[in-house]
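# Working through the structure, step by step
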Amino acid sequence: MNEFMTAETLATFAGLVAAVSIVVQFTKSIIKKNFGDQVVRIYAFIIALILTFIFAKSGQGIEGIVLTVINAILISLTSMGTYEVIADPRAEKEKLN
């Protein structure tokens, strides 16, 4: 493997999950500082949506748009879950009442 990230890699589910995770983790401190924690999930979805539309658009017309949005949701959820598993696998969330 001579290249770190290629368009072919970004056309795969795993490639998009990795790219979203990298971009979000690299820029998350800026987003959290300006907008707070709750916006990071929306930010991850927006990054996933942009990358999915550019590199892995599914189908044509309204069906393609809906499939691409659904895929972006899956990619953003997976990238957030991947981060939590790697960064803090034993973390227990506190439920606020």
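Being a predicted model, the structure only gives us computed values, none of them experimental.

Reading the values: the criteria
Residues numbered from 1 in each chain as written. Predicted model: local features only at pLDDT ≥ 70, side-chain atom pairs only at ≥ 80, totals over all residues. Heavy atoms only, no water. Helix = DSSP H or I, 4+ residues; strand = E, 2+ residues; numbered from the N terminus. Expected span 1.5 Å × (residues − 1). Buried < 20%, exposed > 50% of the residue type's maximum accessible area, 1.4 Å probe, protein only. Arc of directions from axis to C-beta. UniProt positions renumbered as here; feature names shortened; annotations may be inferred.

Turning next to helix α2 (residues 13-35). Residues separated by three or four positions in an α-helix point in the same direction, a consequence of the helix having 3.6 residues per turn. End to end, α2 covers just 28 Å across 23 residues, shorter than the expected 33 Å (1.5 Å per residue, more than 12% under). Residue Gly36 follows α2 closely and has a positive phi angle near 100°.

Turning our attention to helix α3 (residues 39-55). Taking 1.5 Å of rise per residue, 17 residues should cover 24 Å, and α3 covers 24 Å from first to last C-alpha, within 8% of that figure. Looking only at α3, the buried set comprises Val40, Tyr43, Ala44, Ile47, Ala48, Leu51 and Thr52. Axial view of α3: buried residues confined to an arc of 165°, hence all on one face.

Let us look at the UniProt feature "transmembrane region" (unreviewed entry) in the protein chain. The UniProt entry lists residues 6-27, 39-56 and 62-86 under the feature "transmembrane region" (unreviewed entry), expressed in the numbering used here. Between the end C-alpha atoms of residues 6-27 there is a gap of 21 Å, over a span that is 86% helix and 0% strand.

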